[in-house]
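Observations on the three-dimensional arrangement
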Amino acid sequence: MSDTLKGSFFRDQLPAIVWAIVIFIGSSIPSDDFPDMSIFQYDKLIHITIFYIFGLCIYRAFSLFWVKGRFSWSRGLFTLLTVSIYGVVDEFHQRYVPGRTADVWDATADTIGCALAVVSIYLYMSNKGGKTLPQS
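Quick look at the structure, then.

What counts, and where the lines are drawn
Residues numbered from 1 in each chain as written. Predicted model: local features only at pLDDT ≥ 70, side-chain atom pairs only at ≥ 80, totals over all residues. Heavy atoms only, no water. Helix = DSSP H or I, 4+ residues; strand = E, 2+ residues; numbered from the N terminus. Contact = heavy atoms within 4.5 Å. Areas by Shrake-Rupley, 256 points an atom, 1.4 Å probe, with all protein chains shown as cover. Buried < 20%, exposed > 50% of the residue type's maximum accessible area, 1.4 Å probe, protein only. Axes fitted to C-alpha atoms, helices over the stretch in contact; angles between N-to-C directions. Parallel < 35°, antiparallel > 145°, perpendicular 65-115°, else oblique. Left-handed = near helix turned anticlockwise from the far one by under 90°. Nonpolar A, V, L, I, M, F, W, Y, C, P; charged D, E, K, R; others polar. Phe/Tyr/Trp six-rings, centres within 6.5 Å; stacked < 30°, edge-to-face > 60°.

1. Let's talk about the overall build of the protein chain
A tally of regular secondary structure across the protein chain gives four helices and two strands. For the protein chain, the succession of helices and strands along the chain, N to C, is α-α-β-α-α-β. Partitioning the contacts of the protein chain with sequence separation of at least 6, the portion at a separation of at least 24 is 74%. When the accessible area of the protein chain is evaluated, it comes to approximately 8,400 Å², of which 69% is carbon and sulfur surface.

2. Points about the environment of serine 8
Assignment of secondary structure puts serine 8 in helix α1 (residues 3–27). You can call serine 8 buried: its relative accessible area is 7%. In contact with serine 8, other than residues within four places in its own chain, are Gln13 and Lys68.

3. Considering the packing of helix α2 (residues 43–61) against helix α4 (residues 104–127)
What describes two packed helices is the angle between their axes and the distance between those same axes. Viewed as axis vectors pointing N to C, α2 and α4 meet at an angle of 45°, and their least axial separation amounts to 7 Å. Considered as vectors, α2 and α4 are oriented oblique to each other. α4 is crossed by α2, and the crossing has right-handed handedness. Mapping the contact onto sequence places Asp43, Lys44, His47, Ile48, Phe51, Tyr52, Gly55, Leu56 and Tyr59 in α2 and Trp105, Asp106, Ala109, Asp110, Ile112, Gly113, Cys114, Leu116, Ala117, Ser120 and Ile121 in α4. Of the residues belonging to the contact of α2 with α4, the class tally is twelve nonpolar, four polar and four charged.

4. Section: the packing of aromatic side chains
The geometry of an aromatic ring pair is captured by the separation of the ring centres together with the interplanar angle, meaning the angle of the planes. Under the definition given, this model contains nine aromatic pairs. Seen in terms of ring centroids, phenylalanine 54 and tyrosine 86 are 5.1 Å apart; in terms of plane orientation they differ by 55°. Their pairing is tilted. With phenylalanine 54 in helix α2 and tyrosine 86 in helix α3 (residues 73–94), the pair connects residues that are 32 residues apart, well separated along the chain. Residue classification places phenylalanine 54 among the buried positions, given a relative accessible area of 3%. Geometrically, the ring pair formed by phenylalanine 71 and tyrosine 122 is edge-to-face, given 5.2 Å between the ring centres and 70° between the ring planes. In this pair, phenylalanine 71 is assigned in strand β1 (residues 70–72) and tyrosine 122 in helix α4, connecting sequence segments 51 residues apart.

Remember that the coordinates give geometry; whether it matters functionally is a separate question.
In structure tokens, the structure reads:
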């Protein structure tokens, strides 16, 4: 692997992989092991935030396949699909964790978080003078 590809991997792809692992580890914690904290009453907001960050990471990870420095709607859609599928699989995984359940509304919140990330990237790149690519 060339130094350029190594640098690109550590900068662009590795954060998405690490964040996916963090999500998986968090989803693997049995409900009895969660501390009693009032923040957990905002479950959907937590899902939106976690998957917002994941959406940012995945969009960046896909820079390997799309032009860097430009917003691409196809890249945004692929990001949304990838993160949404990961959210659904994560919910399915939770069915097998003691005290946890799969919740369609959690998966919906995951998708909303990613959609907000894609829109944020679009707005950021539009405002900083970045170019957008036509839908492809």
